[in-house]
Structure formats: C-alpha cells, structure tokens
Amino acid sequence: MYVGDGNSSDVGANRARFYRSDDVATGLPTFTDLTTDQNIGYCTAQCWYDNVVYSPPGRPGIVYLGGSFSYATYGFSTNGRAFLRSSDAGASFTDMTWDATTNPTPPGSCCQPNSIAPNGMHPDSHAIVQVPGSNITFFGSDGGIVRSSAGFSDISSQCTTERGLSGADLALSQQLLSAVPAQLFTTYNDGLSTLQFQSVSVNPSNANNLMGGTQDNGTFEKPSNSTTAWPQKIYGDGGQSGFNVGNTAFRFNSFFLNFHDVNFRNGNPLKWVIASGPIVASGESSQFYAPIVADPVSAGTIFQGSLSVWRTQDWAGNQAFLEANCPEFTTSGANPACGDFVPIGPAGATNLTADGGYRGTGRTGGNVAALARAGSDAATLWAATTTGRLFISKNAHAAAGSVSYTRLDSLAANSPGRFISGISVDPADPNHAWITYSSYSAITPATPGHVFSVTYSPGPGTATWTNLDGTGGPAFPDFPATGVAFDSGRGDLYVSNDWGVLRLPNGSTDWEVAGTGLPQVEVAGLTIVPSARKLYAATHGRSAWLLTLP
C-alpha cells in the first residue's frame, strides 16, 4: 500500500509526505516513510484539492504521485511536479510534468528560464490511469486530459545547459529529469466540454462575440464567426470579463480575488496590463471571484466589489503608461501605480460590510457579492453583500467621495439574510431589480425565498420586496439560486441554480425548466441579450451554453 498524506499547509512538519507498507494483508501494517527532497510537499498546501496516489494493477513496483505545482522550483530544479513517477517502489521519482520535446519558447513567455517549451501538464492534478501492459498513461487535471507516450527520455543535461544549476538543486534536477515522457499529447481535450466557466460577457456591438473566464484555465474569447474555437486570451484563473461599451477593442479580465487586467488591443495575449494595483494594495478582502462589471452606458467605466465598490472611469488609466509600466507578465499585481481604481462612497465609510451611517447595523461582514448597473441611466448602481445586504446608489457616476448609497434590505422585513448571488436591473426602470439568493430557505425559515422583485421608491425612501418563488409543485425549489437574467423582450425571468436554468414566464407564478439540452449542472452565471434573443449560461465543468429565446 502506498499512502500520500498532506493537508492545507506546506510548512515544516505539515508538508505532504509519502509512505509504503509491504505487509498490509496482516492487518498490522508497518509503514516506511519514503519522503525525500524529490517528493516532499508534492501537493503543497492544496492536498485537500490535489492529491493522487496510483499504482497500476499487477505492477506494484510502479507508483505515481499527483499534486499541485511546486512554483518555487518550476523550471529550475523541477519541472513543476504535477505528477511524479517511481519505477522502484517509491525509492526514487522522476517528473512527468514536461516531455522531452524541444519546441522554441514563444516570444513574451514568462515564468521559466528555458529557451525551449516542451509539452506540459496543468498545475492541478486529480486522476490517473495506465493502459494495461504498457507505460502509456492518461493524466487528468483541471486542464483536462493528457496522454503520455510509452517511452521515457533522459533530459537531465538540461539541468546545466538550460538551467545552470549546481549543488543540491543540480542533483535533484538530474534525478527528476532522468526519465521524463518522450512526448505528451493534449489533443484529447478537443471536443471535451469540461471547462468551469464563471461567466460569459458579450460584445455590446456583436452578440456572437463572447469572452468567458474559466477556473484555472484562463480567459477565452469566442469570435463571432466561430462556435467551437475559443482562443485563450490570458492565462491563470479566469473569473469575470467585459468589453468597453464605447470601444470594444478595450477588454478586461479578472483572475482571482482583487487581481485583474485590462487590454486595449482586442485582447492581444501579449498586451494585458495590471489594472487593479490600488485595490490589491489596499488590503481589502474579496470573494475568490470578485464581482466586476463594465458600465453599459458610460464608456470606460468599470466597477469592482471587494469590501468597498471600486471604480475607474477611464479603463484603469492611460494606455501608454499602463503598457509601458504595468505589463502583466513582469509586474506585481499589487503595484498601486498600475490602475486608477478608487473606492466610491462617503469618505471613511466606503466599506459596505461595516456598520454605521447609511450602512445601519446587522448582517455585517463578508464581501461584496454582486454588482449591477442600470442600462437606462448613467447614475444607478445596485450592490449586494454575501450576508444579504442590498444597496442602491442613484449617483454612482458622481465624484468618488460624493457617491451615496441607500440600504434596501433593512427596509423590508421579508428580505433573507443570505448570500445574494445575482442582480438583474429592469431596463425600463432603474429603481426595479430582480435579486436571487444562494443557500436554502430552510436555514432562514422566517425569511424564505430565492427570487425577489425589489422596487425602490426614492421619494418616501421605501422598498417593496416581492417573493417570486411561488408555491406547490411548480414553485422554485429550495436550493441555491446562482444568477438571474430578465428578458425585456417578453417579460420572462430566467434564474440559474445548482441543476440548470428555470424560467418564470411573464404573468405566471409557476416556474418551468428553460429550454432543452442543457446538462444537469450548476450554472454559475447567466448573460442575456434580449435584442438578439440569446441567453448564455456559464456552467461549473460543462462549458458554456446558448439558449435561443422564443
């Protein structure tokens, strides 16, 4: 029996270790610690997520370890160690992450010193199987499927010629590179719809031109003349994305937390620049995928939610300055000079999750969970938090310190104190929006509901909350709603959830499944283009889907 043992720490005694026992059948096995510098910490601090131990049936002397990249040694003393292979029962290992091919490194590449760019694996490893009777192996990761050839090659000479290593680093590298796959094949992902999309953004000038961020696989663009070919525009975690309504050559993407870029050149992969330096440098926390939206009316304006709502009104700053001083590949994402986002709201009180003043009390903490701009004016912004606070600003375009908010959830006794997962603003009335909630009504039985129509009346300063869940069999089920989109063409409401998309027809109180053909899968986000009769669904692990609306 082989055992890999690790947790959520990669420090000291907590680092992942590797063991073997040869007498498990006795019921009283003795395990030998086979941890060395070749395999220690093989799943870093992500063993809760990336941890694979595999020995092919009938070949007990072969064992594979899969984990997460060792970024500190990637391209130097190791190839990353996504997967390690031992042919001597765990006594020594070699690195399966790169193969022995020697393609030239593309211009503008980062992060490793080699002049060559082999075929490689994704940093997060999950599954492995070897073809019986051969050394051909399939590896599964966040990046899909990779297959190795049957043979292995010794490329340890690269440790000196390409990497200039010496001492312990040289010895480690020479061992790990002594038997790597002769070739890795990635074409098995063609047609495999497994990407985990967070959302889909639509070019305001062309409803067939999309961008979408995918978990740990970057941000992709679907050209208007293609359905299956989505070129990758930028690497890393892909969260939200968007187009500038005034110039669609201007794009933004988000990675994770407060990190995001802008691009002034139609998404040219080499021209992304750091845009969120001031937000990162502020130390404000955020959701793993922070909400960020391009303004549908005011060209150049972007809003992002952390603890405060942050805003730029010129696409993060001067293009020439950003391209010269803040290129993505060589700049710290925490550089405060990269980007001109500022928090909006009363001075010293922009944090929407704190107490005091317009923020009132109760439902404190968390982060900003959702943002939505009205498309009918330049002033109205809706914002919500993970604890169920809901705000509206009627002057979101004003000077940063002059922006004001009104809290709406405290104006209604029936508003749930749960995570607000989506906001869709009525195109005909910026004071009216549909709000969706995650979690379960069973957790807040005094304030049930997943879908609400909320109308704000500025004069008296009141808000009306109408629960749209319905009753009986055709009601919205008691499970998390994940997003919402309103079809202004017909008046229908679409709400995504952990199993797909439901539709509330105009004038009805009964929910129904929206369309056909969508797998039963969590839908993380909905994007609607009523004028083009299109609804896009971003799914958790089943790619992006289109529903042509009636």
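For the structure given in this document, a descriptive report is provided here. Here the structure is a predicted model, which is why all the values come from computation and not from measurement.

**What to know about the overall build of the protein chain**
Looking only at helices and strands, one finds 4 helices and 40 strands in the protein chain. Buried positions account for 54% of the 550 residues belonging to the protein chain. Here the contacts in the protein chain between residues at least 6 apart in sequence split such that 53% fall between residues at least 24 apart. Carbon and sulfur atoms provide 54% of the accessible area of the protein chain, an area that totals close to 21,600 Å². Here the protein chain contributes 26 positively and 39 negatively charged side chains, and the mean placements of these two sets differ by 5 Å.

**Section: the sheet that holds strand β25 (residues 342-344)**
Remark on secondary structure: sheet strands pair via backbone hydrogen bonds, oriented parallel or antiparallel. Ordered in space as β22-β23-β24-β25, the 4 strands form an open sheet in which the pairing is antiparallel. Pairing within the sheet leaves two strands with one partner each, and these edge strands are β22 (292-294) and β25. When the angles between neighbouring strand axes are averaged without regard to direction, this sheet yields 30°. Here 4 bridges tie strand β23 (residues 302-305) to strand β24 (residues 309-312), and the two strands are oriented antiparallel to one another.

**Considering the sheet that holds strand β16 (residues 218-222)**
Strand order across the open sheet formed by 4 strands is β14-β15-β16-β17, with antiparallel pairing between neighbours. If you trace the sheet from one side to the other, it starts and ends with β14 (197-203) and β17 (232-234), each paired once. Geometrically, the sheet is characterised by an average inter-axis angle of 30° between neighbouring strands, direction not taken into account. Bridging between β16 and β17 involves 2 bridges; their strand directions are antiparallel. Within the sheet, the bridge partner assigned to threonine 219 lies in β17 and is isoleucine 234.

**Here we look at the pairing of strand β15 (residues 206-214)**
Burial within β15 is extensive, with 7 of its 9 residues counted as buried. Of the pairings in the sheet, the one linking β14 to β15 comprises 6 bridges and is antiparallel in character. Note that in β15 the partner of valine 202 across the bridge is leucine 210. In textbook terms, the turn of a hairpin is the stretch between consecutive antiparallel strands, and for β14 and β15 this stretch comprises 2 residues. Looking at chain direction, β15 and β16 are connected through 5 bridges and run antiparallel. Within β16, the position partnered with leucine 210 by the bridge is lysine 222. Where β15 folds back on β16, the antiparallel hairpin that results is connected by 3 residues, among which aspartate 216 adopts a positive phi of roughly 60°.

**A short note on the side chain of aspartate 261**
By secondary structure assignment, the location of aspartate 261 is in strand β20 (residues 260-263). Notably, aspartate 261 is buried but unbridged: the nearest opposite-charge side chain belongs to lysine 271, and the N-O separation is 13 Å. Filtering out sequence-adjacent residues up to four positions away, aspartate 261 remains in contact with Arg251, Phe252, Asn253, Phe255, Trp272, Val273, Ile274, Ala275 and Glu328.

**Observations concerning the pattern of salt bridges**
Opposite charge on two side chains lets them pair, provided their charged atoms get close. Under the criterion given, the structure shown has 15 salt bridges. Between aspartate 409 and arginine 363 there is a salt bridge; the shortest N-O distance is 3.1 Å. With aspartate 409 in the loop between β29 (406-407) and β30 (420-425) and arginine 363 in the loop between β25 and β26 (368-373), this pair connects stretches of sequence that are 46 residues apart. Looking at aspartate 409, the relative accessible area reads 3%, which means it is buried.

**A closer look at the pairing of strand β9 (residues 137-141)**
The buried fraction of β9 amounts to 4 of the 5 residues, a majority that puts the element mostly inside the structure. Across 5 bridges, strand β8 (residues 125-130) lies against β9 in antiparallel orientation. Bridge pairing in β9 links serine 125 to serine 141. The loop that links β8 with its antiparallel partner β9 comprises 6 residues; one of these, glycine 133, has a positive phi angle of about 80°. Direction of pairing for β9 relative to strand β10 (residues 144-148): antiparallel, over a ladder of 4 bridges. Paired with glycine 140 across the strands is isoleucine 145, a residue of β10. If you look at the hairpin formed by β9 and β10, you'll find 2 residues sitting between the two strands.

**What to know about the packing of aromatic side chains**
Taken as a whole, this structure holds 27 aromatic pairs when the rule is applied. Measuring from centroid to centroid gives 5.6 Å for tyrosine 437 and phenylalanine 452, while their planes differ by 75°, and the two rings are edge-to-face. Highlighted residues: tyrosine 437 in strand β31 (residues 432-437) and phenylalanine 452 in strand β32 (residues 451-457), separated in sequence by 15 residues. The exposure classification of tyrosine 437 matches that of phenylalanine 452, with both residues buried.

Conventions adopted
- Residues numbered from 1 in each chain as written.
- Predicted model: local features only at pLDDT ≥ 70, side-chain atom pairs only at ≥ 80, totals over all residues.
- Heavy atoms only, no water.
- Helix = DSSP H or I, 4+ residues; strand = E, 2+ residues; numbered from the N terminus.
- Buried < 20%, exposed > 50% of the residue type's maximum accessible area, 1.4 Å probe, protein only.
- Contact = heavy atoms within 4.5 Å.
- Areas by Shrake-Rupley, 256 points an atom, 1.4 Å probe, with all protein chains shown as cover.
- Lys, Arg positive; Asp, Glu negative; His and termini not counted.
- Charge placed at Lys NZ, Arg CZ, Asp CG, Glu CD.
- Pairing = 2+ DSSP bridges.
- Axes fitted to C-alpha atoms, helices over the stretch in contact; angles between N-to-C directions.
- Salt bridge = Lys/Arg side-chain N within 4 Å of Asp/Glu carboxyl O.
- Phe/Tyr/Trp six-rings, centres within 6.5 Å; stacked < 30°, edge-to-face > 60°.

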